[in-house]
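Structural features, examined
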Amino acid sequence: ELALKSLGSEGLFLFSSLDANNDLYLSPEEFKPIAEKLTGVTSISEFEEEETPDPSGETLSIVAKFQPLVMETMTKSKDGFLGISHVALSGLRNWTAPAALTSVMLARQFKAFLPPKNKLDLGDPWWIIPSELNIFTGYLSNNRFYPPPPKGKEIIIHRLLSMFHPRPFVKTRFAPQGSVACIQAISTFYYTIAFRIHAEFQLNEPPDFPFWFSPGQFTGHIILSKDSSHVREFKLFVPNKRSLNVDMEWLYGASENSNMEVDIGYLPQMELESTGPSVPSVIYDENGNVIDSRDPSGEPIQFVFEEITWQQEIPWEEAAQKLEVAMYPFKKVSYLPFTQAFERAKAEKKLVHSILLWGALDDHHCKLLSVSLCMPGSGRTLRETVLESSPILALLNESFISSWSLVKELEELQTNRENEFYSKLADLHLEKYNFPVEMIICLPNGTVIHHINANYFLDITSMKPEDVESSIFSFSTNFDDPSTATYLQFLKEGLQRAKSYLQT
């Protein structure tokens, strides 16, 4: 109360955004973002002080490519952003180019991507930055403007993402956090490492309120020597094949409980790529003498690199799927594209288990699932509990073909008259959809035989068993978790209703 009286609500809001440990005292480390903002001088981190360039080390040149968010893809654009102040979106509208078009980094900084000694098999994932969130911890504060100082392996990720924007958060507010990697290929001296990063950016600064920009994921690969002295190739990017790939959230008041606006949109391009292999920063002749890096005509000396012969490798798609399952255990069940799911279901005479939602189920930008689908009082989400539970995974693998779809994608498929069957499938799904998420069970011909809205599902699973009137969604005594029991009953009810089809 004294702090509120001294600072006012907006002043306390800014103070709280800096006070990481909530002790009502700003340490020099917590105050550093403001000091850097006021003085224009950026201090050197402890890590960078230790990383003095090795005269014989190599450097890697990286270029950033960025196309800003297509504003027309935001759902709020349909009403002309009515009710949304220009200030709220200023950070987004002003972000039209990367913070740094190019950067030169030490090859050895990329040692963070090397596998630990117990993860040397192809496709065996490990965490570069482990997640610190789970169903018990909930999520991190929205009321923050400046990222905490990165530590250890976070530093290279932070430095790379800072090429896009000066305020990247390498640990996201919502699970699944972190960065995961696996070996895609092995040679005598090199690895190809596939990786997936969940990170987000804070686009606003005081006095504006926070605006969070969360790409669905960053993915990519790096080819580097086993001693990290040489990087042959590096690429990082936000996938852009789906119609929506970014989540945005912004606050409307000076408190953690202030109203928050949520939207999604499409980002055409956000990528980093090496311009070539890493090269020595200093060149020596055979006698150990330093020589000029340019030939007599003034042209840079051209380096010749040996061809890498891979002894073991897996396809990129397999490596990406391994990383996806590490982030999302519910993906132990294959979720096929919408139309492909119905074709497979027809061939295997199974039902389709379909999830229709506003934002992506297997991308980090689906905060809608983390917010709208929170189990009361626990912060658990649908994908982090029900869809990951062993009995649900077993039944889905045995009796269903699973799929998830964006509403926007099915709306586009619905209007595509080149394939009337696909259009009808989309139409039947959209008839049953209610915001934010609809779980649907249907026959291979698209006939919906059972469906339940996420909000209703969460309402009944938060009730006491004796208060649930419907016998359709009754609780089983075999499971302690009512949400798992109820979803299992939902699936079994679908199988029961389709029994005549499955027996023919």
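Rules behind the numbers
Residues numbered from 1 in each chain as written. Predicted model: local features only at pLDDT ≥ 70, side-chain atom pairs only at ≥ 80, totals over all residues. Heavy atoms only, no water. Salt bridge = Lys/Arg side-chain N within 4 Å of Asp/Glu carboxyl O. Helix = DSSP H or I, 4+ residues; strand = E, 2+ residues; numbered from the N terminus. Pairing = 2+ DSSP bridges. Phe/Tyr/Trp six-rings, centres within 6.5 Å; stacked < 30°, edge-to-face > 60°. Buried < 20%, exposed > 50% of the residue type's maximum accessible area, 1.4 Å probe, protein only. Lys NZ or Arg CZ within 6 Å of the ring centre and 35° of its normal.

Describing the pattern of salt bridges
The tally for this structure, following the rule as stated, stands at 15 salt bridges. A salt bridge links Arg173 to Glu200, with the nearest nitrogen and oxygen atoms 3.0 Å apart. Of this pair, Arg173 sits in the loop between strand E4 (168–169) and strand E5 (178–186) while Glu200 sits in strand E7 (residues 200–202), and the two are 27 residues apart along the sequence. Salt bridges here are not isolated pairs; linked through shared partners, they connect Glu132, Glu154 and Lys171.

Some words on the sheet that holds E4
The strands making up a sheet associate through hydrogen bonds between their backbones, and the pairing can be parallel or antiparallel. In space, the five strands of this open sheet follow the order E4-E7-E8-E11-E12, with antiparallel pairing throughout. Strand pairing shows two members of the sheet lacking a second neighbour, E4 and strand E12 (260–265), which therefore form its edges. Note that E4 and E7 share two bridges and pair antiparallel. Counterpart to Pro168 in the pairing with E7 is Phe201.

Some words on the sheet that holds strand E21 (residues 437–442)
Pairing is mixed in the open sheet, where five strands are placed in the order E18-E20-E19-E21-E22. Sheet topology places strand E18 (335–336) and strand E22 (448–453) at the edges, where each strand pairs with a single neighbour. Sheet topology places strand E19 (residues 351–357) next to strand E20 (residues 400–406); seven bridges connect them, and they run parallel. If you follow Leu357 over to E20, its bridge partner there is Leu406.

Topic: the packing of aromatic side chains
Tallied over the entire structure, the rule returns 21 aromatic pairs. Taken together, a centroid distance of 5.5 Å and an interplanar angle of 55° make the contact between Trp95 and Phe201 tilted. You can see Trp95 sitting in the loop between helix H4 (90–94) and strand E2 (102–106) and its partner Phe201 sitting in strand E7, a full 106 residues away along the chain. Phe201 carries the same exposure label as Trp95, and that label is buried. Taken together, the aromatic side chains of Phe66, Trp95, Phe164, Phe201, Phe213 and Phe218 make up a single cluster linked through ring pairs. Looking at Arg93, its charged tip hangs above the ring of Phe81, at a distance of 5.2 Å from the centre.

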